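Fold and geometry: a report
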Amino acid sequence: MDMWIFSRHAEVDAVLRDFRRFSNDQRKRDPARRRRSSLPQMPDPTILFLDPPDHTRLRTLVNKAFTPKAVAALEPRIREMTHELLDAAEDPAGFDLMEGLANPLPVMVIAEMLGVPLEERAQFREWSNRRARILEPLIDARTLRIANEASESLNTYFRSIIQTRRTEPRDDIISALVHVEEEGDRLTEREMLAMLRLLLVAGNETTTNLIGNGMLALLRHPEQLQVLREDPGRIPAAVEELLRYDSPVQATLRLVLEDTEVNGIPLRRDDNVLLLNGAANRDPAAFDHPDRLDIGRRDNNHVAFGRGIHFCLGAPLARLEGRVAIEVLLERYPSLGLLSERPAFRTSVVLRGLETLPVKAAA
Ligand code: HEM
């Protein structure tokens, strides 16, 4: 793969914190090595693939909408959406928790925050999932082409909404960004499109997989599920443990900017570094009995949301959606159980999640 791979917690943590030596911006690669690299080049990078100062400038523009305080206001609406989805999906004979809840919920929540009509959500999710493949460390030419086409479709779609919001602003993220863009030199239209694409894509499959992987883990550990039924106040800590135990984002990538070393391993400028966040979250040097699910775990210093300046912007929202989904499922279904002991996972490497999660759930 022409990459260094780090899997220990201390290594992953150290590299992610050191943005001066480990860059997210593949354009900083020496042009000669760029041609040999299998990693896709991005013409309009999002903040995920930018370093300071652009990263700082752009992240600041959307930060406000994602603080724990701002997202707390969304809780009643998220709960309502969760109930609506389950009302439609539940079936005493069994139903797929992915299709019924985990797939649609995150895209509905982010679509509403951005200001995108909910009717378009199936199309949106499709584009978003295709685009998300660019995170894969090994991506073939066809998948890359499909990912880039999805990006163009998203741009065209967002452009039309941006036009409407210019004349009729609303209380949503697109209107707020349009306002900043019109004010002057802080945001270009291309940057705005990149941001909207990222907000849609980054929070979508990831949160889906927190709900899917998390519920699978809990259903496989009925004694811990029972603890949560008896004391729902423990669900937030359980969400952290589920993020650690079966991490939705298994890996992150960095480019080495100067000759350096990590844990005694010499690295050269332009080397690629793949960090295994999922493995770091199971490192016995960082967690007691790492392979054990323990919803009461203390000092849970997981790296499921990354570290440092790129720490997940949507973490408060993902935590809220995860908590509400679990709360509502436990509230509604006193005897929730798995219909398949080994439900199928999707094939991607970086975004780890289920294809289906068949459950039986007599209300
Ligand atoms: C359980 C769900 C989620 C997980 C596990 C997750 C994980 C991550 C990780 C590991 C990173 C850092 C990537 C890196 O350092 O290269 C990241 C960044 C990011 N996430 Fe999330 N994420 C989740 C949900 C969300 C949601 C709901 C949103 C927003 C709607 C979101 C928006 C972002 C953004 C914008 C970044 C880039 C931040 C930056 O580069 O400064 N994420 N996420």
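So, a few notes on the structure that sits alongside this text. (Residues numbered from 1 in each chain as written. Predicted model: local features only at pLDDT ≥ 70, side-chain atom pairs only at ≥ 80, totals over all residues. Heavy atoms only, no water.)

Some words on the overall build of the chain
Counting its regular elements, the chain contains 16 helices and nine strands. Taking 2.2 N^0.38 as the reference for a compact globule, 363 residues should give roughly 21 Å; the C-alpha atoms of the chain span a radius of gyration of 21 Å, in line with that estimate. The principal-axis extents of the C-alpha atoms in the chain amount to approximately 60 × 55 × 40 Å. Taking all 363 residues of the chain together, 53% fall into the buried category. (Helix = DSSP H or I, 4+ residues; strand = E, 2+ residues; numbered from the N terminus. Rg over C-alpha atoms; globule rule 2.2 N^0.38 Å. Buried < 20%, exposed > 50% of the residue type's maximum accessible area, 1.4 Å probe, protein only.)

Brief notes about the site of the ligand
Near the ligand, the surroundings consist of 29 residues, among which His55, Arg59, Arg254, His310 and Cys312 are the closest. A distance of 2.6 Å separates an oxygen atom of the ligand from a polar atom in the side chain of His55. A distance of 2.7 Å separates an oxygen atom of the ligand from a polar atom in the side chain of Arg254. Taken together, the elements giving at least two residues each to the shell around the ligand come down to helix 3 (54–63), helix 11 (189–202), helix 12 (205–219), strand 4 (252–256) and helix 16 (315–332). (Near = heavy atom within 4 Å. Polar contact = N/O pair within 3.5 Å; in protein donor to acceptor, adjacent residues only side chain to side chain.)

A short note on the sheet that holds strand 2 (residues 22–23)
Overall, mixed pairing links the four strands, which are arranged 1-7-4-2 in an open sheet. Edge positions in the sheet fall to strand 1 (4–6) and strand 2, since each has one partner strand and no second. (Pairing = 2+ DSSP bridges.)

Concerning the coordination of the iron atom of the ligand
The sole protein-derived ligand of the iron atom of the ligand is Cys312 (SG), positioned 2.3 Å away. Its place among the elements puts Cys312 in the loop between helix 15 (277–280) and helix 16. (Donors = N, O, S within 2.8 Å, 3.2 Å for Na, K, Ca; no water.)

Structural notes on the pattern of salt bridges
Inspection of the entire model under this criterion finds 34 salt bridges. The salt bridge involving Glu75 is made with Arg323; its shortest N-O contact spans 2.7 Å. One end of the pair, Glu75, is in helix 5 (residues 75–89); the other, Arg323, is in helix 16, with 248 residues separating them in the sequence. According to the relative accessible area criterion, Arg323 is buried, its value standing at 18%. Across the pair Arg332 and Asp87 runs a salt bridge, and its minimum N-O distance is 2.9 Å. A residue pair is termed long-range when its members are at least 10 positions apart, and Arg332 in helix 16 and Asp87 in helix 5 qualify at 245 residues. (Salt bridge = Lys/Arg side-chain N within 4 Å of Asp/Glu carboxyl O.)

With respect to the environment of Pro232
Its location among the elements puts Pro232 in the loop between helix 13 (222–230) and helix 14 (235–245). Its relative accessible area of 43% is what places Pro232 among the partly exposed residues. With 43 residues separating them along the chain, Pro232 and Glu189 place their C-alpha atoms 44 Å apart.

Details of the sheet that holds strand 9 (residues 358–360)
As summarised here, the arrangement of the three strands in space is 3-9-8, forming an open sheet in which the pairing is antiparallel. For this open sheet the edge positions go to strand 3 (95–96) and strand 8 (337–338), each flanked by a neighbour on one side alone. In this sheet, strand 9 lies alongside strand 3 in antiparallel orientation, the contact comprising two bridges. Note that in strand 9 the partner of Asp96 across the bridge is Pro358.

Re helix 12
With 15 residues, helix 12 should reach 21 Å at 1.5 Å per residue; the first-to-last C-alpha distance of 21 Å fits that figure. Among the 15 residues in helix 12, 15 count as buried, and that is most of the element. (Expected span 1.5 Å × (residues − 1).)

As for a nonpolar patch on the surface
Taken together, Met1, Ile5 and Leu138 make up a surface patch of nonpolar side chains, about 310 Å² in accessible area. Within the secondary structure, Leu138 sits in the loop between helix 8 (121–132) and helix 9 (141–167). (Patch = residues over 30% accessible without salt bridge, like charges linked within 9 Å, V, L, I, M, F, W, Y side chains within 5 Å. Areas by Shrake-Rupley, 256 points an atom, 1.4 Å probe, with all protein chains shown as cover.)

Quick word on the packing of helix 5 against helix 16
At a minimum axis distance of 10 Å, the contact between helix 5 and helix 16 shows a crossing angle of 45°. Considering their axes alone, helix 5 and helix 16 lie oblique with respect to each other. Crossing of helix 5 against helix 16: the hand is right-handed. Contact residues: Glu75, Ile78, Arg79, Thr82, His83, Leu86 and Asp87 in helix 5; Leu317, Leu320, Glu321, Arg323, Val324, Ala325, Glu327, Val328, Leu329, Glu331 and Arg332 in helix 16. Looking at the contact of helix 5 with helix 16 residue by residue, the class counts come to eight nonpolar, two polar and eight charged. (Axes fitted to C-alpha atoms, helices over the stretch in contact; angles between N-to-C directions. Parallel < 35°, antiparallel > 145°, perpendicular 65-115°, else oblique. Left-handed = near helix turned anticlockwise from the far one by under 90°. Contact = heavy atoms within 4.5 Å. Nonpolar A, V, L, I, M, F, W, Y, C, P; charged D, E, K, R; others polar.)

Concerning the layout of surface pockets
To find the voids left in a structure, one rolls a probe of water-molecule size over its atoms. Approximately 470 Å³ is the volume attributed to the largest pocket. Along the walls of the largest pocket sit 17 residues, with Lys64, Ala65, Asp172, Ile173 and Ala176 positioned nearest its centre. Broken down by secondary-structure element, the contributors of at least two residues to the lining of the largest pocket are helix 3, helix 4 (68–72), helix 7 (104–114) and helix 10 (173–183). Taken together, the residues of the lining of the largest pocket break down into 11 nonpolar, one polar and five charged. (1 Å grid on protein atoms, 1.4 Å probe; cavity = no way out; pocket = protein on both sides within 12 Å on 5 of 7 lines; lining within 4 Å. Points joined across faces, edges and corners; volume = space filled by probe spheres on them.)

Considerations on the side chain of Asn129
Relative to the helices and strands, Asn129 is located in helix 8. Those residues in contact with Asn129, other than ones at most four positions away along the chain, are Glu205 and Arg346.

Focus on unusual backbone geometry
Along the chain, Pro52 connects to Pro53 via a cis peptide bond; the corresponding omega equals 5°. As for its position among the elements, Pro53 is in the loop between helix 2 (31–36) and helix 3. The backbone of Asp2 shows a phi angle near 55°, a positive value even though the residue is not glycine. Positive phi is not limited to glycine here, since Asn263 has a value of about 50°. Looking at where Asn263 falls in the secondary structure, it is placed in the loop between strand 5 (260–262) and strand 6 (265–267). Judged by its relative accessible area of 53%, Asn263 is exposed.

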